[in-house]
Amino acid sequence: ETRVLSAQEDKIRLESEMFAALRNRMAEHRGRLSGVASSVARLDVFCGLAEAAHRLHYRRPHVDASDKLELSGARHPVIEQMLGSGEFIPNDLKLTGSDRQVLVITGPNMAGKSTIIRQAALIQLMAQAGSFVPVERAHIGVCDRIFTRVGASDNIARGESTFMVEMKETAAILTQATARSLVILDEIGRGTSTY
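Below is a summary of the structure that appears in this document. (Residues numbered from 1 in each chain as written. Predicted model: local features only at pLDDT ≥ 70, side-chain atom pairs only at ≥ 80, totals over all residues. Heavy atoms only, no water.)

1. Looking at the overall build of the protein chain
Just so we agree on the cut-off: The helix count covers DSSP runs of H or I at least four residues long, the strand count covers runs of E at least two residues long, and both are numbered beginning at the N terminus. The globule rule is 2.2 Å times the number of residues to the power 0.38, and the radius of gyration it is compared with is taken over C-alpha atoms. Relative accessibility under 20% of the residue-type maximum defines a buried residue, over 50% an exposed one, and the middle range a partly exposed one, all with a 1.4 Å probe and only protein chains included. In what follows, residue pairs with any heavy atoms lying within 4.5 Å of each other are defined as contacts. Charge convention: Lys and Arg are scored as positive, Asp and Glu as negative, and His as well as the terminal groups of each chain are ignored. For the purpose of locating charges, the reference atoms are NZ of Lys, CZ of Arg, CG of Asp and CD of Glu.
For the protein chain, the helix and strand inventory stands at five helices and six strands. Starting at the N terminus and walking to the C terminus, you meet the elements of the protein chain as α-α-β-β-α-β-α-β-β-α-β. For 195 residues, the compact-globule estimate of 2.2 N^0.38 gives 16 Å, and the C-alpha radius of gyration of the protein chain, at 26 Å, exceeds that figure by more than 25%. Seen along its three principal axes, the alpha-carbon backbone of the protein chain occupies a region of about 90 × 50 × 35 Å. Expressed as a percentage of the 195 residues in the protein chain, the buried residues total 27%. Of the contacts made within the protein chain by residues no fewer than 6 positions apart, 64% connect residues no fewer than 24 positions apart. Taken together, the 24 basic and 23 acidic charged side chains of the protein chain have centroids lying 4 Å from each other.

If you want it as structure tokens, here you go:
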């Protein structure tokens, strides 16, 4: 009766002792285990990027210290997956820090204006992370930061209209951006004069 009644307590005690012993043995090899875990994590990332590049027909971008962002046959990596293979219409984009620093993209609603600017930022980020990218060809200069000002919001409780919030966020971007930054502004100053 004693053995039966104390079996559960003995089981918990033994499991705790065994776990503590294992934990102590593992702690002795913490440095090696941490190194192995780090290597396996890196390998997992590289394998994931390689698999995506192969399966989704991504290309290796030319990445250098130039001031260029030249994309030919570029596709939005997220929207393309939502639409299905062959449904996304590729597009081109060219920016250089010396002579073509700003693109103003206009058009009717649902024409793809937001898609192309977000696509440019995503491709820049993917390339700098070491991934192949959804393009036919890409020449990408490394940037120091990517700034975005997207969407409409307000802070009426603090007396800030949508326009005021947009202007404050844009001012913050302009004070922090450098010549090596990529700045994406979507629908800035909406509802104000066309001037």
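Continuing now.
2. Re the pattern of salt bridges
Opposite charge on two side chains allows them to pair when their charged atoms are near. To keep things clear, this is the line we draw: Salt bridge criterion: a side-chain nitrogen from Lys or Arg within 4 Å of a carboxyl oxygen from Asp or Glu.
The full count for this structure, using the stated rule, is seven salt bridges. Linking Glu136 and Arg59 is a salt bridge whose minimum nitrogen-to-oxygen distance equals 3.2 Å. Here the residue Glu136 occupies a position in the loop between helix H4 (113-128) and strand S4 (137-141), and Arg59 occupies one in the loop between helix H2 (30-56) and strand S1 (62-64), the gap between them amounting to 77 residues. Two residues, Arg118 and Asp186, come together in a salt bridge whose shortest N-O distance is 3.6 Å.

3. A closer look at the sheet that holds S4
The condition that has to hold: For two strands to be treated as a pair, DSSP must find no fewer than two bridges joining them. Here, axes are lines fitted to C-alpha atoms. For helices the fit covers the stretch in contact, and angles between N-to-C directions go from 0 to 180 degrees.
What the four strands build is an open sheet, ordered S1-S4-S2-S3; its pairing is mixed. Every interior strand has two partners, whereas the edge strands, S1 and strand S3 (91-96), have only one. Neighbour-to-neighbour, the strand axes of this sheet turn through a mean angle of 10 degrees, independent of strand direction. With three bridges connecting them, S1 and S4 associate as parallel partners. The residue bridging Asp64 from the neighbouring strand is Gly141, located in S4.

4. Some points on the nonpolar core
Filter applied, for reference: For the purposes of this section, nonpolar cores are sets of buried Ala, Val, Leu, Ile, Met, Phe, Trp, Tyr and Cys residues that join through side-chain atoms within 4.5 Å.
In this structure, Leu69 and Leu71 are the most contacted members of the largest nonpolar core, which totals 23 residues. Secondary structure elements with two or more residues in this core: H2, strand S2 (68-74), S3, H4, S4 and strand S6 (182-185). Top contributing element to this core by residue count: H4, with seven residues. Leave out the neighbours within four places in its chain, and Leu71 touches Asn91, Asp92, Leu93, Ala120, Ile123, Val135, Arg137, Ala138 and Ile140.

5. Brief notes about helix H1 (residues 2-28)
For the record, the criterion: For a helix, the expected span equals 1.5 Å multiplied by the residue count minus one. Note on bend: the value at a residue is the angle between axes fitted to the seven residues ending there and to the seven starting there.
For H1, which comprises 27 residues, the first-to-last C-alpha distance of 38 Å matches the rise-based estimate of 39 Å (1.5 Å per residue) to within 8%. Approximately 40 degrees is the largest bend angle found in H1, and it occurs at Gln8.

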